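Geometric and topological summary
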Amino acid sequence: MNTWATWTTQGILAGTGGVRTVELGVIKGDLTVHTTWIDGEARLTVQYSGALDWFTVEGSPVPAGDEATARELHQRMVEAVKAGGGATAPTKADGGATAPS
């Protein structure tokens, strides 16, 4: 049984308002989303596509008891980046990524 997994989705054009990160605030443009599932949580990061530095998505890590949940969280984050609006990490409870009010 796997106890860790990773997913990376490249070349996502962030929607208006971009994605909120812990380190830089909002980032926009051509982005890559990376999720690592380990120790029961999904750790969501984002980078400018082709860059070296990764930034923590605001609200990450997110509890994810199994690999399928973590994979679903990754896909929700990809969709949230596309939507923009200052997207933050999805939560297991709300079923989707959030944007600040």
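Further up the page is the structure itself.
**As for the overall build of the chain**
A tally of helices and strands in the chain yields one helix and nine strands. The order of α-helices and β-strands along the chain, N terminus first, is β-β-β-β-β-β-β-α-β-β. The buried share of the chain, taken over its 101 residues, is 40%. When the accessible surface of the chain is totalled, it reaches about 5300 Å², and 52% of it is carbon and sulfur.

**Side note on the pattern of salt bridges**
Applying the stated rule across the entire model yields four salt bridges. Across the pair Arg43 and Asp39 runs a salt bridge whose closest N-O atoms are separated by 3.7 Å. In this structure, the salt-bridge partner of Arg43 is Glu41, at a minimum N-O distance of 2.9 Å. For Arg43, a relative accessible area of 34% translates into the label partly exposed. Of the residues examined, Glu41 reaches a relative accessible area of 23% and is grouped as partly exposed. Through salt bridges with shared partners, one network takes in Asp39, Glu41 and Arg43.

**Quick notes on the side chain of Thr32**
Mapping Thr32 onto the fold places it in strand 4 (residues 30-38). Side chain to side chain, Thr32 and Ser49 meet in a polar contact 2.9 Å long. Discounting chain neighbours no more than four positions away, the residues touching Thr32 are Thr8, Thr9, Gln10, Gly11, Thr45, Val46, Gln47, Ser49 and Trp54.

**Re the nonpolar core**
Grouped together as the largest cluster of nonpolar side chains are 24 residues, with contacts concentrated most on Leu31, Val33, Val57, Met77 and Val81. Of all the elements in the fold, those that place two or more residues in this core are strand 1 (4-13), strand 4, strand 5 (41-48) and helix 1 (67-83). Here this core gets six residues from one element, more than from any other, and that element is helix 1. Ignoring sequence-local partners within four residues, the contact set of Val81 consists of Ile12, Leu13, Ala14, Gly15, Val19, Leu31 and Val33.

**Side note on unusual backbone geometry**
A cis amide bond links Ser60 to the next residue, Pro61, at an omega of 5°. Here Pro61 is to be found in the loop between strand 6 (55-56) and strand 7 (62-63).

**Quick look at helix 1**
Taking 1.5 Å of rise per residue, 17 residues should cover 24 Å, and helix 1 covers 24 Å from first to last C-alpha, within 8% of that figure. Looking at helix 1, one finds that the buried residues are Thr69, Ala70, Leu73, His74, Met77, Val78, Ala80 and Val81. Near the N-terminus of helix 1, the side chain that reaches the backbone nitrogen of Ala68, with its oxygen 3.3 Å away, is that of Asp66. Phi for Gly84, located one or two positions after helix 1, is positive at around 75°.

**Some points on the environment of Ile38**
Mapped onto the elements, Ile38 comes out in strand 4. Filtering out sequence-adjacent residues up to four positions away, Ile38 remains in contact with Thr3, Trp4 and Arg43.

Conventions and cut-offs
Position numbers for residues count from 1 along each chain, tracking the sequence in the order it is written. Local features in this predicted model are restricted to residues whose pLDDT is 70 or higher, and side-chain atom pairs enter the listing and the counts only when it is 80 or higher, whereas totals over whole chains, interfaces and linings include all residues. The basis for every side-chain value is the complete set of heavy atoms in the structure, and neither hydrogens nor water enter the calculation. Under the scheme used here, helices are H or I runs from DSSP no shorter than 4 residues and strands are E runs no shorter than 2 residues, and both carry numbers assigned from the N terminus. Only protein chains enter the accessibility calculation, which uses a 1.4 Å probe; a residue is then buried when its area is under 20% of its type maximum, exposed when over 50%, and partly exposed in between. Per-residue accessibility takes into account occlusion by the displayed protein chains alone, with areas from the Shrake-Rupley method and a 1.4 Å probe. Only one rule defines a salt bridge in this text: a Lys or Arg side-chain nitrogen within 4 Å of an Asp or Glu carboxyl oxygen. Polar contact is the term for a pair of N or O atoms within 3.5 Å; when the atoms are in protein, one must be able to donate a hydrogen and the other to accept it, and sequence-neighboring residues count only if both atoms are side-chain atoms. We call two residues contacting when some pair of their heavy atoms lies within 4.5 Å. Residues belong to a common nonpolar core when they are buried Ala, Val, Leu, Ile, Met, Phe, Trp, Tyr or Cys residues joined through side-chain atoms within 4.5 Å. Expected helix span is given by 1.5 Å per residue-to-residue step, counting one fewer step than there are residues.

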